[in-house]
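Fold and contact review
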Amino acid sequence: MYFPQFLVGMFAASFTVAIWAEIETGSIWKALGWAILALIILQVGYIGLVLGQIFNRGPKGAVADLASANSTRPLRDELGKVRQGWNRARPR
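By convention here, each chain's residues receive numbers from 1 onward along its written sequence. Whole-chain, interface and lining totals are the exception, using all residues; otherwise, since this is a predicted model, local features are given only for residues with pLDDT of at least 70 and side-chain atom pairs are given and counted only at 80 or more. With hydrogens and water excluded, all non-hydrogen atoms of the structure serve as input to the side-chain values.

A few points about a nonpolar patch on the surface
- Nonpolar side chains collect at one region of the surface, where Trp29, Leu32, Ile36, Ile40 and Val44 lie side by side and expose about 560 Å² of accessible area between them.
- Helix and strand definitions here come from DSSP, where helices need a minimum of 4 consecutive H or I residues and strands a minimum of 2 consecutive E residues; each element is numbered from the N-terminal end. Along the chain, the position of Trp29 falls in helix H2 (residues 28–55).
- Each residue gets one of three labels from its accessible area relative to the maximum for its type: buried under 20%, exposed over 50%, partly exposed in between, using a 1.4 Å probe on protein chains only. Residue Trp29 is classed as exposed on the basis of its relative accessible area, which comes to 70%. Here, patches come from residues exposed beyond 30% relative accessible area and free of salt bridges, joined within 9 Å for like charges and within 5 Å for nonpolar side chains (Val, Leu, Ile, Met, Phe, Trp, Tyr). Computed with the Shrake-Rupley method and a 1.4 Å probe, the accessible areas treat only the protein chains shown as cover for residues. One side-chain nitrogen of Lys or Arg within 4 Å of one carboxyl oxygen of Asp or Glu is enough to make a salt bridge.

Have a look at this one:
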């Protein structure tokens with residue numbers, strides 16, 4: 001999720017909470033308090049989501065093992081063989 005999308009959603013949600021709280025309580029100050037509380041809860045949740053994605057990447061060694069098991073020889077080796085063949089074919 002991109003941060004600008006998160007900000008738009010966060011402000012839309014807090015605005016909705018503020019309208020709901022103002023309708024229910026009739027107080028603008030309580031509505032403002034609920035909106036700020038919603039902003040804080042959403043921000044803590046976003047930070048938790050980001051930290052969860054950072055720490056749950058998995059073992060780094062497994063990716064390297066998988067890549068080495070399925071990898072082919074580098075192109076440089078193939079190019080070297082082709083050059084050697086060309087050098088042998090040309091008379092000196």
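A short note on the packing of aromatic side chains
- Working definition: a ring pair exists when centres of Phe, Tyr or Trp rings (six-membered ring for Trp) sit within 6.5 Å. Plane angles under 30 degrees give stacked, over 60 give edge-to-face, the rest tilted. The full count for this structure, using the stated rule, is two aromatic pairs.
- Their ring planes at 80° and their centres at 6.3 Å tell us that Trp20 and Trp34 sit as a pair that is edge-to-face. Residue Trp20 is found in helix H1 (residues 3–25), and its partner Trp34 is found in helix H2; the two are separated by 14 residues along the sequence.
- For Trp20, a relative accessible area of 48% corresponds to the partly exposed category.
- What makes Trp34 partly exposed here is its relative accessible area of 41%.

Some remarks on the environment of Met10
- Counting through the fold element by element, Met10 comes out in helix H1.
- Each C-alpha atom, one on Met10 and one on Ile41, is 9.8 Å from the other, the two residues being 31 residues apart in sequence.
- Ignoring sequence-local partners within four residues, the contact set of Met10 consists of Leu39, Leu42 and Gln43. Contacts were defined at the residue level, with two residues in contact if any of their heavy atoms lie within 4.5 Å.

With respect to the confidence of the model for the chain
- Per-residue confidence for the chain gives a mean pLDDT of 78; residues scoring 70 or more make up 61%.
- Helix H3 (residues 60–70) is the least confidently modelled element of the chain, averaging 57 in pLDDT, while H2 averages 90, the highest of any element. Values of pLDDT, which run from 0 to 100, indicate the predictor's confidence residue by residue.

What to know about H2
- Expected helix span is computed as 1.5 Å times (number of residues minus one). A rise of 1.5 Å per residue sets the reference length of H2, with its 28 residues, at 40 Å; its end C-alpha atoms lie 41 Å apart and thus fit the reference within 8%.
- Taken residue by residue, H2 has Ala31, Ala35, Ala38 and Tyr46 as its buried positions.
- Sitting at the amino-terminal end of H2 is Ser27, which places a side-chain oxygen 3.3 Å from the backbone nitrogen of Trp29. Pairs of N or O atoms within 3.5 Å make up the polar contacts considered here, provided that, within protein, one atom can donate a hydrogen while the other can accept it, and that residues adjacent in sequence are counted only when both atoms are side-chain atoms.

Details of H1
- With 23 residues, H1 should reach 33 Å at 1.5 Å per residue; the first-to-last C-alpha distance of 32 Å fits that figure.
- Here the buried face of H1 lies against H2.
- With its phi angle positive at about 80°, Gly26 sits one or two positions after the end of H1.

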